[in-house]
Amino acid sequence: MIAVTGATGQLGRLVIEALLKKIPAGEIVAAVRNPVKAEDLKQLGVVVRQADYSQPETLKSAFTGVDKLLLISSSEVGQRSAQHQAVIDAAKGAGVKLIAYTSLLNLDNSPLSLAREHRDTEAALRASGIPFVLLRNGWYTENYAASIAPALAHNAFIGAAGDGRIASAPRADYAQAAANVILADSQQGKVYELAGDESYTLAEFSAEIARQSGKTVNYVNLSESEFAAALKGAGLPEGLADMLADSDAGASKGALFDDSATLSRLLGHGTGSYQDVIATTLKSL
(Lines give C-alpha, C1' and ligand atoms only; values in the text may rest on other atoms or scores of the structure.)
Protein backbone atom coordinates (compact mmCIF):
# COMPACT_ATOMS: atom_id res chain seq x y z
CA MET A 1 0.00 0.00 0.00
CA ILE A 2 1.20 3.47 -0.91
CA ALA A 3 -0.36 6.49 0.79
CA VAL A 4 -0.27 10.06 -0.49
CA THR A 5 -1.06 12.90 1.89
CA GLY A 6 -2.73 16.04 0.58
CA ALA A 7 -4.12 13.86 -2.18
CA THR A 8 -6.78 16.35 -3.25
CA GLY A 9 -4.25 19.17 -3.60
CA GLN A 10 -2.78 20.24 -6.93
CA LEU A 11 0.36 18.12 -6.59
CA GLY A 12 -1.33 15.23 -4.79
CA ARG A 13 -3.92 14.66 -7.49
CA LEU A 14 -1.21 14.52 -10.14
CA VAL A 15 0.75 11.99 -8.08
CA ILE A 16 -2.36 9.81 -7.76
CA GLU A 17 -2.88 10.01 -11.53
CA ALA A 18 0.71 8.90 -12.10
CA LEU A 19 0.42 6.02 -9.63
CA LEU A 20 -2.83 4.80 -11.20
CA LYS A 21 -0.92 4.18 -14.43
CA LYS A 22 1.45 1.81 -12.63
CA ILE A 23 -0.40 0.02 -9.82
CA PRO A 24 -4.00 -1.02 -9.00
CA ALA A 25 -6.19 1.67 -7.45
CA GLY A 26 -6.79 -0.52 -4.41
CA GLU A 27 -3.10 -0.28 -3.51
CA ILE A 28 -3.28 3.53 -3.24
CA VAL A 29 -4.45 5.40 -0.16
CA ALA A 30 -5.54 9.00 -0.70
CA ALA A 31 -5.01 10.59 2.71
CA VAL A 32 -7.11 13.76 2.71
CA ARG A 33 -8.41 16.37 5.10
CA ASN A 34 -11.91 16.25 3.62
CA PRO A 35 -12.93 12.88 2.11
CA VAL A 36 -15.90 14.50 0.34
CA LYS A 37 -13.44 16.25 -1.99
CA ALA A 38 -11.96 12.86 -2.92
CA GLU A 39 -15.20 11.23 -4.03
CA ASP A 40 -13.93 11.04 -7.62
CA LEU A 41 -10.84 9.15 -6.44
CA LYS A 42 -13.03 6.77 -4.46
CA GLN A 43 -15.06 6.09 -7.60
CA LEU A 44 -11.82 5.04 -9.31
CA GLY A 45 -11.19 2.46 -6.58
CA VAL A 46 -8.61 4.46 -4.62
CA VAL A 47 -8.82 3.95 -0.86
CA VAL A 48 -9.83 7.29 0.67
CA ARG A 49 -9.06 7.98 4.32
CA GLN A 50 -9.33 11.11 6.41
CA ALA A 51 -5.94 12.46 7.46
CA ASP A 52 -5.89 15.97 8.83
CA TYR A 53 -2.40 17.24 9.66
CA SER A 54 -3.89 19.29 12.50
CA GLN A 55 -5.86 16.37 13.95
CA PRO A 56 -3.25 13.73 14.88
CA GLU A 57 -5.95 11.28 15.96
CA THR A 58 -6.97 10.89 12.30
CA LEU A 59 -3.46 10.08 11.10
CA LYS A 60 -2.53 6.71 12.58
CA SER A 61 -5.71 5.04 11.32
CA ALA A 62 -5.13 6.63 7.92
CA PHE A 63 -1.71 5.00 7.68
CA THR A 64 -2.70 1.54 8.95
CA GLY A 65 -1.41 -1.11 6.56
CA VAL A 66 0.60 1.43 4.56
CA ASP A 67 4.08 0.39 3.44
CA LYS A 68 5.25 3.62 1.81
CA LEU A 69 4.07 7.16 2.47
CA LEU A 70 4.47 10.25 0.32
CA LEU A 71 4.34 13.20 2.71
CA ILE A 72 3.43 16.23 0.62
CA SER A 73 4.34 19.31 2.60
CA SER A 74 1.45 21.20 4.13
CA SER A 75 0.23 24.41 2.51
CA GLU A 76 -0.11 26.09 5.90
CA VAL A 77 3.17 27.96 6.18
CA GLY A 78 3.97 28.58 9.85
CA GLN A 79 2.25 25.38 10.98
CA ARG A 80 4.19 22.91 8.87
CA SER A 81 6.80 21.82 11.44
CA ALA A 82 4.21 20.63 13.97
CA GLN A 83 1.91 19.19 11.31
CA HIS A 84 4.68 17.21 9.64
CA GLN A 85 5.91 15.95 13.02
CA ALA A 86 2.42 14.61 13.69
CA VAL A 87 2.45 12.78 10.36
CA ILE A 88 5.88 11.28 11.04
CA ASP A 89 4.85 10.16 14.54
CA ALA A 90 1.69 8.54 13.20
CA ALA A 91 3.60 6.84 10.38
CA LYS A 92 6.05 5.40 12.89
CA GLY A 93 3.20 4.15 15.05
CA ALA A 94 1.54 2.54 12.03
CA GLY A 95 4.73 0.76 10.95
CA VAL A 96 5.28 2.64 7.70
CA LYS A 97 8.51 1.38 6.12
CA LEU A 98 9.47 4.41 3.97
CA ILE A 99 8.54 8.09 3.88
CA ALA A 100 9.18 10.23 0.81
CA TYR A 101 9.00 13.93 1.64
CA THR A 102 8.57 16.91 -0.70
CA SER A 103 11.21 19.30 0.60
CA LEU A 104 12.82 22.41 -0.93
CA LEU A 105 15.50 22.80 -3.61
CA ASN A 106 19.00 23.62 -2.34
CA LEU A 107 17.75 23.29 1.23
CA ASP A 108 21.18 23.02 2.82
CA ASN A 109 22.07 26.54 1.69
CA SER A 110 18.68 28.06 0.92
CA PRO A 111 18.09 31.67 2.00
CA LEU A 112 14.32 31.29 1.58
CA SER A 113 12.12 31.73 4.66
CA LEU A 114 10.31 28.59 3.51
CA ALA A 115 13.46 26.60 4.25
CA ARG A 116 13.13 26.66 8.03
CA GLU A 117 10.12 24.36 8.29
CA HIS A 118 11.55 22.03 5.65
CA ARG A 119 14.77 21.81 7.69
CA ASP A 120 12.68 21.04 10.78
CA THR A 121 10.90 18.25 8.92
CA GLU A 122 14.07 16.73 7.50
CA ALA A 123 15.52 16.74 11.03
CA ALA A 124 12.36 15.07 12.34
CA LEU A 125 12.65 12.37 9.69
CA ARG A 126 16.26 11.69 10.66
CA ALA A 127 15.29 11.48 14.32
CA SER A 128 12.34 9.16 13.67
CA GLY A 129 14.36 6.15 12.61
CA ILE A 130 11.98 5.58 9.69
CA PRO A 131 13.75 5.09 6.35
CA PHE A 132 13.15 8.16 4.20
CA VAL A 133 13.92 9.75 0.84
CA LEU A 134 13.95 13.48 0.15
CA LEU A 135 12.41 15.07 -2.93
CA ARG A 136 13.77 18.61 -2.79
CA ASN A 137 11.42 20.29 -5.23
CA GLY A 138 12.24 23.48 -7.05
CA TRP A 139 9.66 26.02 -8.18
CA TYR A 140 6.58 25.04 -10.15
CA THR A 141 6.38 27.00 -13.40
CA GLU A 142 2.68 27.44 -12.64
CA ASN A 143 3.67 29.66 -9.70
CA TYR A 144 4.75 32.34 -12.18
CA ALA A 145 2.15 31.48 -14.82
CA ALA A 146 -0.52 32.48 -12.28
CA SER A 147 0.62 36.09 -12.80
CA ILE A 148 0.14 36.06 -16.57
CA ALA A 149 -3.43 37.43 -16.53
CA PRO A 150 -2.60 40.50 -14.40
CA ALA A 151 0.60 40.99 -16.41
CA LEU A 152 -1.45 41.22 -19.60
CA ALA A 153 -3.96 43.54 -17.94
CA HIS A 154 -1.26 45.96 -16.78
CA ASN A 155 1.35 45.38 -19.51
CA ALA A 156 3.80 44.57 -16.75
CA PHE A 157 5.04 41.47 -14.96
CA ILE A 158 6.25 42.44 -11.50
CA GLY A 159 8.70 40.63 -9.27
CA ALA A 160 11.80 40.95 -7.13
CA ALA A 161 14.05 38.26 -8.63
CA GLY A 162 16.40 40.64 -10.46
CA ASP A 163 18.62 38.72 -12.86
CA GLY A 164 18.36 35.49 -10.88
CA ARG A 165 17.88 32.41 -13.00
CA ILE A 166 14.94 30.17 -12.15
CA ALA A 167 15.03 26.50 -13.13
CA SER A 168 11.36 25.65 -12.72
CA ALA A 169 9.36 22.75 -14.13
CA PRO A 170 5.65 21.99 -14.49
CA ARG A 171 3.96 20.60 -11.40
CA ALA A 172 3.17 17.40 -13.31
CA ASP A 173 6.88 16.67 -13.72
CA TYR A 174 7.46 16.81 -9.96
CA ALA A 175 4.40 14.61 -9.44
CA GLN A 176 5.64 11.99 -11.89
CA ALA A 177 9.07 12.02 -10.25
CA ALA A 178 7.49 11.51 -6.82
CA ALA A 179 5.47 8.57 -8.13
CA ASN A 180 8.56 7.03 -9.74
CA VAL A 181 10.56 7.33 -6.52
CA ILE A 182 7.86 5.98 -4.22
CA LEU A 183 7.38 2.98 -6.52
CA ALA A 184 11.11 2.22 -6.82
CA ASP A 185 13.16 -0.03 -4.57
CA SER A 186 16.20 0.94 -2.49
CA GLN A 187 15.38 4.63 -2.04
CA GLN A 188 16.33 4.91 1.63
CA GLY A 189 18.66 7.82 2.34
CA LYS A 190 18.56 9.30 -1.15
CA VAL A 191 18.30 13.06 -1.65
CA TYR A 192 17.05 14.39 -4.98
CA GLU A 193 17.59 18.05 -5.89
CA LEU A 194 14.81 18.56 -8.43
CA ALA A 195 14.51 21.39 -10.94
CA GLY A 196 13.77 22.04 -14.60
CA ASP A 197 16.27 21.51 -17.39
CA GLU A 198 15.85 25.10 -18.58
CA SER A 199 16.24 28.27 -16.60
CA TYR A 200 15.08 31.82 -17.21
CA THR A 201 15.05 35.26 -15.64
CA LEU A 202 11.72 36.93 -15.04
CA ALA A 203 12.62 39.38 -17.79
CA GLU A 204 12.91 36.44 -20.19
CA PHE A 205 9.67 34.96 -18.85
CA SER A 206 7.91 38.29 -19.41
CA ALA A 207 9.34 38.56 -22.95
CA GLU A 208 7.96 35.12 -23.76
CA ILE A 209 4.49 36.13 -22.54
CA ALA A 210 4.73 39.18 -24.81
CA ARG A 211 5.91 37.10 -27.76
CA GLN A 212 3.12 34.55 -27.47
CA SER A 213 0.33 36.99 -26.65
CA GLY A 214 1.34 39.74 -29.04
CA LYS A 215 0.91 42.26 -26.23
CA THR A 216 3.41 44.47 -24.43
CA VAL A 217 4.58 42.86 -21.19
CA ASN A 218 7.61 44.44 -19.54
CA TYR A 219 9.32 43.03 -16.50
CA VAL A 220 9.33 45.49 -13.60
CA ASN A 221 11.83 44.59 -10.90
CA LEU A 222 10.88 45.81 -7.43
CA SER A 223 12.52 45.58 -4.05
CA GLU A 224 11.32 42.75 -1.82
CA SER A 225 9.26 45.16 0.31
CA GLU A 226 7.78 46.90 -2.73
CA PHE A 227 6.81 43.57 -4.27
CA ALA A 228 5.21 42.36 -1.04
CA ALA A 229 3.25 45.62 -0.78
CA ALA A 230 2.06 45.30 -4.38
CA LEU A 231 0.87 41.74 -3.79
CA LYS A 232 -1.02 42.78 -0.67
CA GLY A 233 -2.54 45.65 -2.62
CA ALA A 234 -3.75 43.10 -5.17
CA GLY A 235 -5.58 41.23 -2.42
CA LEU A 236 -3.15 38.49 -1.43
CA PRO A 237 -3.06 37.58 2.27
CA GLU A 238 -0.13 39.14 4.12
CA GLY A 239 1.64 35.85 4.87
CA LEU A 240 1.42 34.64 1.28
CA ALA A 241 2.53 37.98 -0.13
CA ASP A 242 5.54 38.08 2.18
CA MET A 243 6.46 34.49 1.31
CA LEU A 244 6.29 35.13 -2.44
CA ALA A 245 8.36 38.30 -2.13
CA ASP A 246 10.93 36.49 0.01
CA SER A 247 11.10 33.67 -2.54
CA ASP A 248 11.70 36.11 -5.38
CA ALA A 249 14.44 37.79 -3.35
CA GLY A 250 15.94 34.34 -2.80
CA ALA A 251 15.74 33.64 -6.52
CA SER A 252 17.84 36.74 -7.13
CA LYS A 253 20.56 34.98 -5.11
CA GLY A 254 20.29 31.70 -7.03
CA ALA A 255 18.02 29.84 -4.60
CA LEU A 256 15.72 28.55 -7.37
CA PHE A 257 18.46 27.50 -9.79
CA ASP A 258 19.88 24.01 -10.31
CA ASP A 259 21.45 22.50 -13.42
CA SER A 260 21.97 18.90 -12.29
CA ALA A 261 19.17 17.53 -14.53
CA THR A 262 18.24 15.17 -11.68
CA LEU A 263 14.53 15.64 -12.34
CA SER A 264 14.74 14.74 -16.03
CA ARG A 265 16.80 11.65 -15.18
CA LEU A 266 14.10 10.51 -12.76
CA LEU A 267 11.48 11.12 -15.43
CA GLY A 268 13.42 9.46 -18.24
CA HIS A 269 12.77 12.48 -20.45
CA GLY A 270 13.28 16.24 -20.47
CA THR A 271 11.23 18.48 -18.23
CA GLY A 272 8.36 20.53 -19.62
CA SER A 273 9.34 23.96 -20.90
CA TYR A 274 8.22 27.26 -19.45
CA GLN A 275 7.21 28.28 -22.97
CA ASP A 276 4.68 25.44 -23.06
CA VAL A 277 3.28 26.36 -19.65
CA ILE A 278 2.85 29.95 -20.83
CA ALA A 279 1.09 28.71 -23.97
CA THR A 280 -1.27 26.50 -21.97
CA THR A 281 -2.04 29.32 -19.56
CA LEU A 282 -2.75 31.81 -22.36
CA LYS A 283 -5.20 29.35 -23.95
CA SER A 284 -7.10 29.11 -20.66
CA LEU A 285 -7.55 32.87 -20.26
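Above this text is the structure in question.
Here's a quick rundown of the structure. Just so you know, these numbers come straight off a predicted model, no measurement behind them. (Residues numbered from 1 in each chain as written. Predicted model: local features only at pLDDT ≥ 70, side-chain atom pairs only at ≥ 80, totals over all residues. Heavy atoms only, no water.)

**Some thoughts on the overall build of the protein chain**
- When you go through the protein chain residue by residue, the secondary structure sums to 13 helices and nine strands.
- The C-alpha atoms of the protein chain give 19 Å as radius of gyration, which agrees with the globular expectation for 285 residues (19 Å, within 12%).
- Counting only C-alpha atoms, the protein chain reaches 55 × 35 × 35 Å along its principal axes.
- Within the protein chain, the proportion of its 285 residues that are buried is 52%.
- Considering only contacts in the protein chain between residues 6 or more positions apart, those separated by 24 or more positions represent 74%. (Helix = DSSP H or I, 4+ residues; strand = E, 2+ residues; numbered from the N terminus. Rg over C-alpha atoms; globule rule 2.2 N^0.38 Å. Buried < 20%, exposed > 50% of the residue type's maximum accessible area, 1.4 Å probe, protein only. Contact = heavy atoms within 4.5 Å.)

**Some words on the side chain of Thr-262**
- Tracing the sequence through the fold places Thr-262 in helix 12 (residues 262-267).
- Since its relative accessible area comes to 14%, Thr-262 is described here as buried.
- Ignoring anything within four residues of it in the chain, the contact list for Thr-262 reads Tyr-192, Glu-193 and Leu-194.

**Observations regarding the pattern of salt bridges**
- Scanning the model with the defined rule gives twelve salt bridges in all.
- Taking the shortest distance from any N to any O, the salt bridge between Arg-136 and Glu-193 comes out at 2.9 Å. One end of the pair, Arg-136, is in strand 6 (residues 132-137); the other, Glu-193, is in strand 8 (residues 191-194), with 57 residues separating them in the sequence.
- A relative accessible area of 5% means that Arg-136 is categorised as buried.
- In this structure, a network of salt bridges that share partners links the residues Asp-108, Glu-122, Arg-126, Arg-136 and Glu-193. (Salt bridge = Lys/Arg side-chain N within 4 Å of Asp/Glu carboxyl O.)

**Describing unusual backbone geometry**
- Unusually for a residue other than glycine, Asn-106 sits at a positive phi of about 55 degrees.
- One can find Asn-106 in the loop between strand 5 (98-104) and helix 5 (115-128).
- Relative accessible area serves as the criterion here: at 23%, Asn-106 is assigned to the partly exposed category.
- Here Ala-261, not a glycine, exhibits a phi torsion of approximately 60 degrees, which is positive.
- Here Ala-261 is to be found in the loop between helix 11 (238-251) and helix 12.
- Using a relative accessible area of 27% as the deciding quantity, one classes Ala-261 as partly exposed.

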